[in-house]
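Below, each chain spelled out in residue letters.
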Amino acid sequence: MARKAARITILSALAILITGFIFYGLLESTSKPGFCSSCHYMEPYVEAWKSSSHSDVTCTDCHFPPGIKSKIRGKFTAMSMVVNYFTGVYKKSKPWAEISDSSCLRSGCHTERLLDGQVAFKEGIIFDHKPHLSNLRRGKKLRCTSCHSQIVQGEHISVTETTCFLCHFKNQPDETPINGCTGCHDLTAAAENGAVIHDHSFAEAKNIDCRKCHGIMQVGDGAVPKERCSSCHAEIGHLEKISEIDFMHLQHVTDHKVECENCHSVIQHKSIARTNEIFPECQTCHSNTHKAQLSLFKGIGGRDVPAHPNPMYVSGLNCRACHVYHGVGKDEGVFGDSEVANRQVCEDCHGQGYGKLLDKWEMVMDHKVNQVDHLISSAKTDVDVFSGSAEIKINAKKFVEDAAYNFNLVKQANIVHNVAYADELLAAAYNKIKAAIVIIDSDLQLPDISIYSRQVPSECKNCHYGQEEISVSAFGINFSHNTHIINQKLPCSKCHSNVQTHGETIITKNECLTCHHTQEIIDCEKCHELQASIYSGNISFISESSEDIMYGEGIECRDCHEGGDAQIRKANPETCINCHDEEYGEILINWKKDTAELMQALDEKIFQLQTQGLAENNSTKVLNLKTNLDLLKEDKSLGVHNFELINEILKNYLNVLSNF
């Protein structure tokens, strides 16, 4: 009996061991992704997993919470799914999985997500996991799968962007997103290369509502049609708590993984003014009233002119951006104040000085508009009286009609809605007129075509139109944009950058000189206009010219400023000694010293008069003297370019001020 009992014990232990191995083998084999895909309705999910960021993580690592108990419980759940597959029950419902937060936050996975939760979600948008997982959002406890799901087939556990919009835009006062736009968007907008496009910190400092420029950024209301409940619940008429919002979210979002879009209709986050289906808000009341303005703003509508949208349109801005009217609040009534955009509107968003751009646009474009208007009228007359071939006349007439069409679009729409596209339309009109008068052999004289073909070699011209006509002071030297942009075809990026701030000057004086001072022939006066005028004695604020003695002898700038190595440099005592006696080096030093002392004396005298209030009765004269003094300082030679003249002017000014 003992031997029989021992045999039974051994066989039982062996059976248990074999069963254990079989159970373990089944446990392991059924944990493989290949087993999951054995059911054909799981194949799309497995294929999506293979190309996802979790492709190196087995299914059970996520679908079973940490711990042996959870794994065994999950296996029984999986077995029931297998039974459902073979019995055909799966045909009545799609596969459904709930991922526990503990699976995501387990050791070796996303353990630090709550501590270091900020990630770059999209370009210009930072997402922070910590407040979304640690705090209640709109009174609701979110889970990892509240945002990471698989609504879109083929994207395994990816971020469902529309879920963000449901939470941030659903039923917000005046459609204002949670925490404002800056909760997601940085104040500084940047392109893919990191260059600053627009810094919105100025708008924030002035408390300008984002909707003033961008309008309503929501399409859809996220409503919950009751009929959607039937996709999960058989008798929706018996759902007594369907109106209890907190309870419904607790059951569907917090306790179970139900994608938001299973219940809610979609909310899209985009500019209403930019959608193809919806006209800008002004069109609601003013149907087709501003069609020309809208076409120019969008950069479309011209004949034989490629599309060129205004950058503000591309950024989603609408009419309100510049025309402040029709308040956005629900209690403000239908009508409000309407304003014509002016230079102040530009400076409200972009800062002081931007209004000058608008002034420049109007000045340059008014001239072009008037010229093209005259050309169209003259060309039309010439075509009408043309008595040659009928076919040629028809073609010429078509050219003039196209020119008039492009011109009228600019005229009606106002160039400020898209100055760059308006310029291209006028250039096209000019070329159409030229084609017309050529084929009819007209004697009509056309103005210089260069004014219609001067293209700034960068996208900067979208805003800085006409900049090529402006000369500025750079490093104390007259700088012509026209010479560098139009004649030399240099891109704006040669001197300017958007890396730190928009349009910052990055070129240095030495970098300028590497180009200018290496030329065999240098026209110094083009850059050093002030210095040249002082040297020649033709200063704007003196009545009689008095040239420097060396200028009269034909001594050129390079004779003093170019060393033996052909490098341009500041003149010094050694420069004088190269041509004169040694005492001339001391003379140069004394000239500078005397001039500096006179300038300092004048500064002190002006300050004294202003402090004592004695300059008020002679404010204009004092202001003019100070302006001229500052100009002489800008020469930076301290009188060396024309010592006798500068010394006489400064002494005269000091004498005038002493008599106040």
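Residues numbered from 1 in each chain as written. Predicted model: local features only at pLDDT ≥ 70, side-chain atom pairs only at ≥ 80, totals over all residues. Heavy atoms only, no water.

Enquirer: I would appreciate a short explanation of unusual backbone geometry in the present structure.
Expert: Across the chain, the bulk of peptide bonds are trans and the bulk of non-glycine residues have phi less than zero. Backbone geometry places aspartate 304, a non-glycine residue, at a positive phi of 60°. Tracing the backbone through its elements, the reader meets aspartate 304 in the loop between helix 15 (291–298) and helix 16 (311–314). The phi angle at lysine 636 is positive, at roughly 65°, despite the residue not being glycine. Counting through the fold element by element, lysine 636 comes out in the loop between helix 28 (619–635) and helix 29 (643–658). (Helix = DSSP H or I, 4+ residues; strand = E, 2+ residues; numbered from the N terminus.)

Enquirer: What is the right way to read the layout of surface pockets from this model?
Expert: It is the rolling of a water-molecule-sized probe over the atoms that shows where space remains empty. Its boundaries defined by the atoms lining it, the second largest pocket holds a volume of some 260 Å³. In terms of lining, the second largest pocket is formed by 14 residues, of which the most central are Glu525, Ala532, Tyr535, Tyr551 and Cys557. When contributions to the lining of the second largest pocket are tallied by element, the ones reaching two or more residues are helix 23 (529–536) and helix 25 (557–561). Examining the composition of the lining of the second largest pocket, we find that five residues originate from one element, helix 23, more than from any other. Here the residues of the lining of the second largest pocket are counted per class, giving seven nonpolar, two polar and five charged. (1 Å grid on protein atoms, 1.4 Å probe; cavity = no way out; pocket = protein on both sides within 12 Å on 5 of 7 lines; lining within 4 Å. Points joined across faces, edges and corners; volume = space filled by probe spheres on them. Nonpolar A, V, L, I, M, F, W, Y, C, P; charged D, E, K, R; others polar.)

Enquirer: Where do I start with a positive patch on the surface in this structure?
Expert: Side chains of Lys509, Lys570, Lys592 and Lys636 sit close together on the surface and give a patch of like positive charge. Positionally, lysine 592 belongs in helix 27 (residues 583–612). Taking relative accessible area as the criterion, lysine 592 reaches 31% and is therefore assigned partly exposed. (Patch = residues over 30% accessible without salt bridge, like charges linked within 9 Å, V, L, I, M, F, W, Y side chains within 5 Å. Areas by Shrake-Rupley, 256 points an atom, 1.4 Å probe, with all protein chains shown as cover. Salt bridge = Lys/Arg side-chain N within 4 Å of Asp/Glu carboxyl O. Lys, Arg positive; Asp, Glu negative; His and termini not counted. Charge placed at Lys NZ, Arg CZ, Asp CG, Glu CD. Buried < 20%, exposed > 50% of the residue type's maximum accessible area, 1.4 Å probe, protein only.)

Enquirer: Looking at this structure, how should I read the packing of aromatic side chains?
Expert: Following the criterion strictly, the structure yields three aromatic pairs and no others. Between tyrosine 535 and tyrosine 551, the aromatic rings sit 5.2 Å apart at their centres with planes inclined by 85°, giving edge-to-face as the arrangement. Linking tyrosine 535 in helix 23 with tyrosine 551 in helix 24 (residues 549–552), this pair joins segments that are 16 residues apart in sequence. Note on tryptophan 591 and phenylalanine 643: the rings are 5.2 Å apart at their centroids and 10° apart in plane angle, and the pair reads as stacked. Placement of the pair is tryptophan 591 in helix 27 and phenylalanine 643 in helix 29, with a sequence separation of 52 residues. Relative accessible area serves as the criterion here: at 29%, tryptophan 591 is assigned to the partly exposed category. The exposure class of phenylalanine 643 is buried, given its relative accessible area of 15%. In this structure, arginine 303 packs its charged tip against the face of tyrosine 405, placed 4.0 Å from the ring centre. (Phe/Tyr/Trp six-rings, centres within 6.5 Å; stacked < 30°, edge-to-face > 60°. Lys NZ or Arg CZ within 6 Å of the ring centre and 35° of its normal.)

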